[in-house]
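Next come the chains, spelled out residue by residue.
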There are 4 protein chains.
Amino acid sequence: MLKIGPYTFQSRLMLGTGKFSSTTIQSEAVKASETEILTFALRRVDLDSPEPSFLEQLKGGDFRFLPNTAGAKTAEEAVRLARLAKASKLSDMVKVEVIGNEDTLLPDPVETLKATRQLVEEGFIVLPYTSDDPVLAKRLEEAGAHAVMPGASPIGSGQGILNPLYLKILIQQTSVPVIVDAGIGSPADAAQAMELGADGILLNTAVSGAEDPVRMAQAMMLAVKAGRLGYEAGRISKKETASASSPKEGLVN
Amino acid sequence: MLKIGPYTFQSRLMLGTGKFSSTTIQSEAVKASETEILTFALRRVDLDSPEPSFLEQLKGGDFRFLPNTAGAKTAEEAVRLARLAKASKLSDMVKVEVIGNEDTLLPDPVETLKATRQLVEEGFIVLPYTSDDPVLAKRLEEAGAHAVMPGASPIGSGQGILNPLYLKILIQQTSVPVIVDAGIGSPADAAQAMELGADGILLNTAVSGAEDPVRMAQAMMLAVKAGRLGYEAGRISKKETASASSPKEGLVN
Amino acid sequence: MLKIGPYTFQSRLMLGTGKFSSTTIQSEAVKASETEILTFALRRVDLDSPEPSFLEQLKGGDFRFLPNTAGAKTAEEAVRLARLAKASKLSDMVKVEVIGNEDTLLPDPVETLKATRQLVEEGFIVLPYTSDDPVLAKRLEEAGAHAVMPGASPIGSGQGILNPLYLKILIQQTSVPVIVDAGIGSPADAAQAMELGADGILLNTAVSGAEDPVRMAQAMMLAVKAGRLGYEAGRISKKETASASSPKEGLVN
Amino acid sequence: MLKIGPYTFQSRLMLGTGKFSSTTIQSEAVKASETEILTFALRRVDLDSPEPSFLEQLKGGDFRFLPNTAGAKTAEEAVRLARLAKASKLSDMVKVEVIGNEDTLLPDPVETLKATRQLVEEGFIVLPYTSDDPVLAKRLEEAGAHAVMPGASPIGSGQGILNPLYLKILIQQTSVPVIVDAGIGSPADAAQAMELGADGILLNTAVSGAEDPVRMAQAMMLAVKAGRLGYEAGRISKKETASASSPKEGLVN
């Protein structure tokens, strides 16, 4: 069970709603993913209408929304976007996304920390998108973040986990949930993140950009479960030398 | 559906039966894995008794047995072991395993090819354990092998796929099924192998050596399915630069 | 030629002076490295004596000193250490090192930025030790840093470059010199960093901790040159498929 | 000093002569590389003229020639090419190259072993191009090969060392010299191979295909020396945790 702030979830997979080729495919992919948390960019939503049209498409399910502040380049912009979301009763959860560079879409560490601090103070449930720097994750936790969302690699790049060691250290040193966000390209990447001890995964492009998004959503759902079970089951350690699985004598035959 | 020689299987996961701490755990792990093919070393089996005791433990399921020639250092020894298996009506499938080095347990390419040729001639369904060399896999296929079983890394090492490129090339250039055998350590490794296009996975130590073998068996079962679905779903390509998942405008909001 | 602030250097290799088993070996390693910049922790130096004893050992050469603020956990502590160094006329260059975690010795991004800003204002030549985060490196540059020193992996770990992609992006997006600091374990690591476009390397443990530190210092000196030349020479691009080096026909035979 | 059969060499870098854009650049690159061994495809040489024209270009130096059997697809073809080379007094050394696949140019293990055995019997100094399979390398050594030449990755691919573990094992288990051949793309790759314990490197495309082949040849020459020295100097072991290079107290300061 994943707990973020006051909320609990059975699923450890969060899905972004962007860039699907049709609302039908989006809706089927969401269903196949078994996700309970949907994310979307606040700037894309018409906040004057109390319930955005694309969210209506997903009405069948019982989702919690995690709007993000994509497009913000400063803490101030992120905070402003988050306040609008709250005012429109969309959600009191927010993914803080303050981009530091347009080409890489990597987060700005200082502005992200500043926005996190401010939004925590204002009573939001705050999940900042951050780098894989374990120290910065700790600072975000100290600032009151309810979870941290380190990127595996640049948003939409599909490169998987570029630095598994730092991600593992970050997970070990962070007390709030760690949701690996950005860069996951395939089910194996998702499983690997979970095996490192991540509490959850956020995906978008890897599903929406697949040739068959619905099948990929199902694959990711299974991979997150597989990785989590693998983490709990305690994997064998790696050895340079071989070790016969067929002993000459053994307890079992 | 996996087809090897005249046989078809729903499951793409084969499980070795060695080194479990008890027959109960072995049996539960086998069940959790949903495997239909069990492997074991012929030298461990008392071939005078028509049904070996450890196989009796697994009677509940409907398994096909894939005995291996572990311990053989020459084609001659492997052939002799395989003939005994057939004589005892245990199975007409055989995993040819001719070890070329005691420390690494890596296969001997020349003797493996020789044993494969001989056993194919004698009417066996032959699955040779081989390196990740695409050329050798092709030679084994030409010799009549019904599937090839390249190692991801040394047996029992848990190092995962050391050379994904050669494994991918091997899979692309081989027409018979490719079962990745040896070295898989975690669900992510299993998913990765399936995403490269493997037709199946053979595991033993990664399950039997896990802290909780039954849970790991379940994790592996899910990972193989996730990886296969991911392969079929067509993953996004990797990019060095980022790509926003929240477009400023888009079909679906 | 490497330019940092007002200074220019022929060598692109900086050497730390800690943990050598004897001053003789230290001195010979320094010589073999052909370095022109030596670093050391300010807390190790008796700043009351105008010329520290261990620096006297190195008198033969014409070195510039780059004292670091190792041990500092806040910007304030780092600034205080740097001021002492300047007051004792040791150097006006300083490597800002503000550690955010005792186990990993990874830098604190916020305090590092703060200390950098302050020391630049006070007229120091400032080289902050930082993570491989390209955005943070840019912020340090904007704060006036004269060079940035991203870690390849944790200090003294010898793990090499954990995230070559981010290091490459960092180098491309940073206008001041980039000196890869921390984590280099072998000559190949040093060459790789230089091939990614780094302006220089700072080493300590990889040399002082080698079985033969003097020989390793020479190896590193050659590797830095090799990597730099390789960078300048423009390497071939990587291809998945093979490409014969022996064409059937060709200009040159 | 590198010893292969009866010959000794100061340089551990062998250079292929193919695909240079001009004989001038080829000649300068050869000089910058400090190589003592030049390789070329026998099929490219007019063996009726006792001294091939392109070899004349290189007359200034004192080189030993290592002709290869590129183009051969069977042991028989390789043996025939080698005999022609010997008959024309070009060299009694031969690099056995029997390709098993036109796309990957990976070697055929069985035919390579067969050709090696035959040519050893006929008195050649035989260096077979082989995969990174440690068992096959051992079989080649047992067949009398005077050195083995495992590929790091496909010929001309510039992918570097795809499987450092198997290359390391191969080097440890092989008694004759190991020359890493094929796939090296940059100086860091060359240094890495040497650090794994290789006795030498053979390069072609990485130099001839570089933007500045002469400078790259020099870079490779330095990298091979750096890697060899690094190997001899005994690198530090890798650690997951950090280790301060600035101890609070220490022998030296």
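The rules behind these values
Residues numbered from 1 in each chain as written. Chains lettered and ligands numbered in written order. Predicted model: local features only at pLDDT ≥ 70, side-chain atom pairs only at ≥ 80, totals over all residues. Heavy atoms only, no water. Helix = DSSP H or I, 4+ residues; strand = E, 2+ residues; numbered from the N terminus. Buried < 20%, exposed > 50% of the residue type's maximum accessible area, 1.4 Å probe, protein only. Contact = heavy atoms within 4.5 Å. UniProt positions renumbered as here; feature names shortened; annotations may be inferred. Buried area = accessible area lost by both parts, 1.4 Å probe. Salt bridge = Lys/Arg side-chain N within 4 Å of Asp/Glu carboxyl O. 1 Å grid on protein atoms, 1.4 Å probe; cavity = no way out; pocket = protein on both sides within 12 Å on 5 of 7 lines; lining within 4 Å. Points joined across faces, edges and corners; volume = space filled by probe spheres on them. Nonpolar A, V, L, I, M, F, W, Y, C, P; charged D, E, K, R; others polar. Least-squares fit on C-alpha atoms with pLDDT ≥ 70 in both. Phe/Tyr/Trp six-rings, centres within 6.5 Å; stacked < 30°, edge-to-face > 60°. Lys NZ or Arg CZ within 6 Å of the ring centre and 35° of its normal.

**Considering the overall build of chain A**
Stage number 1. In terms of helices and strands, chain A carries nine helices and 10 strands.
Stage number 2. Burial statistics for chain A: of 253 residues in total, 66% are counted as buried.
Stage number 3. For chain A, the proportion of contacts with a sequence separation of at least 24, taken over those separated by at least 6, is 66%.

**A few points about the UniProt feature "active site" (unreviewed entry) in chain A**
All names here are of chain A.
Stage number 1. As annotated by UniProt and renumbered to match this structure, "active site" (unreviewed entry) occupies Lys-95.
Stage number 2. Turning to its location among the elements, Lys-95 is positioned in strand 6 (residues 93–96).
Stage number 3. If we skip the residues at most four places from it in the chain, Lys-95 touches Leu-66, Pro-67, Asn-68, Thr-69, Leu-127, Tyr-129, Met-149, Asp-181 and Leu-202.

**Digging into the UniProt feature "binding site: 1-deoxy-D-xylulose 5-phosphate" (unreviewed entry) in chain A**
Residues and elements named next belong to chain A.
Stage number 1. Summarizing the sequence annotation, UniProt attributes the feature "binding site: 1-deoxy-D-xylulose 5-phosphate" (unreviewed entry) to Gly-156, Ala-182, Gly-183, Asn-204 and Thr-205 in the numbering used throughout. With the annotated positions falling across 50 residues, the maximum pairwise C-alpha distance of 9.3 Å places them together in a single cluster.
Stage number 2. Residue placement: Asn-204 occurs in the loop between strand 10 (200–203) and helix 8 (205–208).
Stage number 3. For Thr-205, the position within the fold is in helix 8.

**Focus on the interface of chain A and chain C**
Stage number 1. Facing 26 residues of chain A, the contacting portion of chain C comprises 26 residues.
Stage number 2. For the pair chain A and chain C, the two sides together bury roughly 2000 Å², of which 61% comes from carbon and sulfur.
Stage number 3. Put simply, chain A and chain C have two salt bridges between them.
Stage number 4. Residue Arg139(C) is joined to Asp108(A) by a salt bridge in which the shortest nitrogen-to-oxygen separation is 2.7 Å.

**Re the side chain of Gln173(C)**
Stage number 1. Tracing the sequence through the fold places Gln173(C) in helix 6 (residues 164–173).
Stage number 2. Not counting residues within four places of it along the chain, the set of residues in contact with Gln173(C) comprises Asn101(A), Asp103(A), Thr104(A), Pro134(C), Lys138(C) and Glu141(C).

**Things to note about empty space enclosed by the protein**
Stage number 1. A complete count under the given rule lists five cavities of 30 Å³ or more for this structure.
Stage number 2. Estimates place the volume of the largest cavity at around 140 Å³.
Stage number 3. Of the residues in the lining of the largest cavity, the class split is nine nonpolar, four polar and four charged.
Stage number 4. Of the voids in this model, the second largest cavity is the one considered here, and its volume is about 70 Å³.
Stage number 5. Residues that form the lining of the second largest cavity fall into these classes: five nonpolar, four polar and two charged.

**As for the environment of Ala41(D)**
All names here are of chain D.
Stage number 1. Checked against the element boundaries, Ala-41 lands in strand 4 (residues 37–41).
Stage number 2. Of the residues examined, Ala-41 reaches a relative accessible area of 0% and is grouped as buried.
Stage number 3. Spatially, the C-alpha atom of Ala-41 lies 17 Å from that of Gly-209, the residues being 168 residues apart in sequence.

**Side note on the relation of the copies chain D and chain C**
Stage number 1. Mapping chain D onto chain C calls for a screw motion: a turn of 180° about the axis and a shift of 0.0 Å along it, with 0.0 Å RMSD after fitting. In the structure described here, the two chain copies are related by an operation that fits a two-fold rotation axis. Residue Ala188(D), judged by its C-alpha, is the member of chain D lying nearest the rotation axis, at 2.3 Å.

**Here's the deal with the packing of aromatic side chains**
Stage number 1. Enumeration over the complete set of coordinates arrives at four aromatic pairs over all chains.
Stage number 2. Ring geometry for Phe40(A) against Phe65(A): centres 5.8 Å apart, planes inclined by 70°, an arrangement best described as edge-to-face. In this pair, Phe40(A) sits in strand 4 (residues 37–41) while Phe65(A) sits in strand 5 (residues 64–68), placing the two residues 25 residues apart along the sequence.
Stage number 3. Accessibility expressed as a relative area gives 1% for Phe40(A), which makes it buried.
Stage number 4. A relative accessible area of 16% means that Phe65(A) is categorised as buried.
Stage number 5. Between Lys95(A) and the ring centre of Tyr129(A), over which it is positioned, the NZ or CZ distance is 5.4 Å.
Stage number 6. The side chain of Arg64(C) reaches across the aromatic face of Tyr7(C), ending 3.7 Å from its centre.

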